[in-house]
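Below are the chains, spelled out letter by letter.
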2 protein chains.
Amino acid sequence: MRRPTIADIARRAGVSQAAVSFALNGRPGVSAATRDRILAAADALGWQPNTAARSLSAAAAGAVGLAVARPARTLGVEPFFMQLISGIQGELSERGYALLLDLVEDVHAEASVHRRWWAERRVDGVLLVDLRTGDPRPRVLREIGMPAVLAGGPDPTGAVPGVWVDDARAMTAVVEHLHGLGHEHLAHVSGPPGMAHSAHRAEAFTAAAGPRAARAATDFSDAEGAVATRGLLRRRPRPTAVVYDNDVMAVAGLSAARQAGLAVPGDLSVVAWEDSALCRLTHPTLTALSRDPFRFGAAAAARLLDLVRRGPGGGGAGDTEFELPELVVRESTAPPRPNGG
Amino acid sequence: MRRPTIADIARRAGVSQAAVSFALNGRPGVSAATRDRILAAADALGWQPNTAARSLSAAAAGAVGLAVARPARTLGVEPFFMQLISGIQGELSERGYALLLDLVEDVHAEASVHRRWWAERRVDGVLLVDLRTGDPRPRVLREIGMPAVLAGGPDPTGAVPGVWVDDARAMTAVVEHLHGLGHEHLAHVSGPPGMAHSAHRAEAFTAAAGPRAARAATDFSDAEGAVATRGLLRRRPRPTAVVYDNDVMAVAGLSAARQAGLAVPGDLSVVAWEDSALCRLTHPTLTALSRDPFRFGAAAAARLLDLVRRGPGGGGAGDTEFELPELVVRESTAPPRPNGG
DNA sequence: ACGGGTTTATGAACCGGTTCAGCGACTTCC
DNA sequence: GGAAGTCGCTGAACCGGTTCATAAACCCGT
């Protein structure tokens, strides 16, 4: 019960291996009648291409990689990633590509995974997430010449094309919403300043809310989100609204505020950057900035496959803008109490 | 700037390709001196094996697959999965294996992904999660003869070896803890009865808490967790403690209880089956059953690689028990109020 | 000095596809 | 009717490793 190969098909259909290959790949060189006979034989034998053999001659792996450099602890809690992966997956499997996943320590480890994958010809390209300031990855990728797309770009060095969201405009919209409700003392709990998108948002926040608005940086974890919240709430004037850079920290901030004896949204309005089930789990439910990570992942994957198929030097190095996230207003934002602050 | 191949190494070291292959794989047939020369040449050229070529002759893919049939929505919220994957990943990359991930609709789609992966020789084996009652996957896997390990077994059909946790014993421990606190009216919010481990736990709950204890089944989502909670709280006598089959539902239940005007743990004690950051995010923090998904994943992956290396018919079909989860008591469980119920 | 055994190295086949030069047979055109 | 072109198909090389039969070189004891 050996796996059938094209040789078996050729024998059964009474043709050469080359003819079988042509027929199976829908290229000219065989008559319609012969093609049908070959396809019927392949079908009867239950033939499937051996990826290794195909990769070897085609010099393409039929797979793309995603290495993620975040502690599994944080990764797991953020629904964002799974949805992103799910979106990527959908796009890939539709075109017969597989997804290789690797969870690593940091961006340097990620860069070496990329190197290895490329050297071993395990993947045809990679997706990048979480660009850091001074990130080594774009440089490495350009050096080895592997196709790559940055989900969450744009890459300031321009080495890697990106699918990106206009965080600055989104942040402005959030701040305007809070201003519109009458809030004057805003605060922002950001992720690590080393992450490019985090830094962007922080800048945009300051630009929109004014240089005296309160800010705190964290590692995106619930723990630091809570600590940052406590710190901000001790300030005078006390902020009446906080924007959190992810959903997990917003939930943690909610708990922290409650423990400090503050009502949400009465004493404090809360906005989460990423929308997810988490934001609907809490009481009150959280106002959140909602983008569709599923479609975002799909867009990035599509862009990558495009790049892969174009081959090296195929142009199309530009960035693609993804739709602006939408602010979903729920229970956690309201006008500040007149006696608050 | 072509990628170096063993032919290049052979030329540089002045030996045959076969000698290079022997040297690089640490097998006998070359002298120590020649071996060193070859390794130096390989190093100088920056050689890495081409996985496709290696797979083709070795008839091994150097990768294992994980197809998950759960909606991305639920998957994302449960930290469990990412940690599990992270654990799997750690074990795999240590031994040079890659992980293929696929998110699919249901177990039937999963079975066809398995079929395709195996036919294409993309993977050497797969990991299974979420065994269903009457699950088609063990049958298919046995039919095609692909190595597989069930994370969360055991498989009642015995077709697939599993790494499993004694849920029944764990459930008994939880119920005893609640009994010990003085609770008499317990309830259990389980996952879908179609999931084997969920069914197991439900049975164990009934065995330990008595046939009249309240039970509700859900799809593991926060939404159904909340609905189930509201239903249980309308019962008379009202349960004073609820055991949730995952962390997400426990959090949702917490909100539902609060909205119903009940204090936790004063009026209602809450236990979550899976421990995660989520359980520490809430207020009060949740008492939870904690197993280490990271090490659990690692154990399952190790078992699979073992099976893969043993080759077909290599025996070792037995199940492996993983350590019993530990009950981490936090703020959400306390003795019932004497005037409660 | 010689037979037997071990160590070291080689050439060539092989894994399962893809691809291309080449070759009949058949059509087309003048 | 013969040159030119097209169509359908084949044989063989090729991708980059692994492996095995075989041979050359070396070691040993007698």
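This structure is a prediction, so every number in the text was calculated from the model and none was measured.

Parameters and conventions
- In every chain, residue numbers begin from 1 and rise along the written sequence.
- Both sets of labels track the order of writing: A upward for chains, 1 upward for ligands.
- Per-residue local features are limited, in this predicted model, to residues with pLDDT of at least 70; the limit for side-chain atom pairs, both in listing and counting, is 80 or more; totals at the level of whole chains, interfaces and linings are taken over all residues.
- Computation of side-chain values: all heavy atoms of the structure, hydrogens and water removed.
- Using protein atoms alone on a 1 Å grid, points that fit a 1.4 Å probe yet trap it form a cavity, whereas open point sets bounded by protein on both sides within 12 Å along at least five of seven lines form a pocket; residues with an atom within 4 Å of a point count as lining.
- Grid points are joined across faces, edges and corners, and a volume is the space filled by probe spheres set on the points.
- Secondary structure follows DSSP: runs of H or I at least 4 residues long count as helices, runs of E at least 2 residues long count as strands, and numbering of each begins at the N terminus.
- Amino acid classes used here: Ala, Val, Leu, Ile, Met, Phe, Trp, Tyr, Cys and Pro are nonpolar; Asp, Glu, Lys and Arg are charged; the rest, including Gly, are polar.
- Buried residues of nine kinds, namely Ala, Val, Leu, Ile, Met, Phe, Trp, Tyr and Cys, make up a nonpolar core once their side-chain atoms join them within 4.5 Å.
- Exposure categories follow from relative accessible area, calculated using a 1.4 Å probe and restricted to protein chains: below 20% of the type maximum is buried, above 50% is exposed, and the middle band is partly exposed.
- Contacts between residues were defined by any pair of non-hydrogen atoms, one from each residue, lying within 4.5 Å.
- A pair of strands is treated as paired once DSSP finds two or more bridges between them.
- Angles run from 0 to 180 degrees between N-to-C directions of axes, and those axes are lines fitted to C-alpha atoms, restricted for helices to the stretch in contact.
- A helix is expected to span 1.5 Å for every residue after the first.
- Domains are outlined according to an automatic or database domain assignment.
- Take a side-chain nitrogen of Lys or Arg and a carboxyl oxygen of Asp or Glu: if they are within 4 Å of each other, that pair is a salt bridge.
- Contacts described as polar in this section are N or O atom pairs within 3.5 Å, which, within protein, must combine one atom able to donate a hydrogen with one able to accept it, while residues neighboring in sequence count only if both atoms come from side chains.

Undergrad: Explain empty space enclosed by the protein to me, please; I cannot follow it from the model alone.
TA: Unoccupied space between atoms shows up once a probe the size of one water molecule is rolled over them. Enumeration over the complete set of coordinates arrives at 4 cavities of 30 Å³ or more. Taken as a whole, the largest cavity holds about 220 Å³ of empty space. In terms of lining, the largest cavity is formed by 16 residues, of which the most central are Ala61(A), Arg122(A), Ser55(B), Ala61(B) and Arg122(B). Going through the elements one at a time, α4 (51–58) of chain A together with α4 (51–58) of chain B are the ones with two or more residues in the lining of the largest cavity. When its residues are assigned to classes, the lining of the largest cavity shows 8 nonpolar, 4 polar and 4 charged. Taken as a whole, the second largest cavity holds about 160 Å³ of empty space. Lining the second largest cavity are 16 residues; nearest its centre among them are Val251(A), Thr282(A), His283(A), Val251(B) and Thr282(B). Taken together, the residues that form the lining of the second largest cavity break down as 8 nonpolar, 6 polar and 2 charged.

Undergrad: So what exactly am I meant to see when it comes to the nonpolar core here?
TA: Across soluble globular proteins, you tend to see nonpolar side chains buried next to one another. Within the largest apolar cluster, 60 residues are counted, with the highest numbers of intra-cluster contacts made by Val270(A), Leu286(A), Val270(B) and Leu286(B). Excluding its chain neighbours within four sequence positions, the residues that come into contact with Val270(A) are Val242(A), Tyr244(A), Ala250(A), Leu254(A), Val264(A), Leu286(A), Thr287(A), Ser332(A) and Thr333(A).

Undergrad: What is the right way to read the sheet that holds strand β10 (residues 287–290) of chain B from this model?
TA: Sheet strands associate in pairs through backbone hydrogen bonding, adopting either a parallel or an antiparallel arrangement. Residues and elements named next belong to chain B. Pairing within the open sheet is mixed, and its 6 strands lie in the order β7-β6-β8-β9-β10-β12. In this open sheet, the two edge strands, each paired with only one partner strand, are β7 (214–217) and β12 (326–328). Put simply, the sheet's adjacent strands are angled 20° from each other on average, direction ignored. Of the pairings in the sheet, the one linking strand β9 (residues 269–272) to β10 comprises 2 bridges and is parallel in character. Counterpart to valine 271 in the pairing with β10 is threonine 287. This element, helix α12 (residues 247–259), spans β6 (186–190), β8 (241–244) and β9 of the sheet and lies at about 160° to β9.

Undergrad: Got a minute to help me understand helix α10 (residues 196–209) of chain B in this structure?
TA: Every α-helix winds through 3.6 residues per turn, so residues three or four apart in the chain are directed the same way. All names here are of chain B. Counted at 1.5 Å a residue, the expected span for α10 with its 14 residues is 20 Å, and the 20 Å between its end C-alpha atoms agrees. Where α10 is concerned, the buried positions are Ala196, His197, Ser198, Arg201, Ala202, Ala204, Phe205, Thr206 and Ala209. The inward-facing, buried residues of α10 abut α9 (167–181), β6 and β7.

Undergrad: What exactly am I supposed to notice about the domain arrangement of chain A here?
TA: A common way to state how big an interface is: give the accessible area lost once the parts meet. Residue and element names in this part refer to chain A. Entries for chain A in the domain assignment read domain 1 (6–49), domain 2 (63–165 + 293–322) and domain 3 (167–290). Summarising the inter-unit geometry, the C-alpha centres of domain 2 and domain 3 are found 28 Å apart. Contacts between the two partners involve 12 residues from domain 2 and, on the opposite side, 16 residues from domain 3. Across the contact surface, domain 2 and domain 3 share 0 salt bridges. Remark: the boundary between domain 2 and domain 3 carries 3 residue pairs in polar contact (both at pLDDT 80 or more). Those elements giving two or more residues to the side of domain 2 that touches domain 3 turn out to be α5 (72–77) and α6 (79–94). Here the side of domain 2 that touches domain 3 is built from residues that sort into 5 nonpolar, 2 polar and 5 charged.

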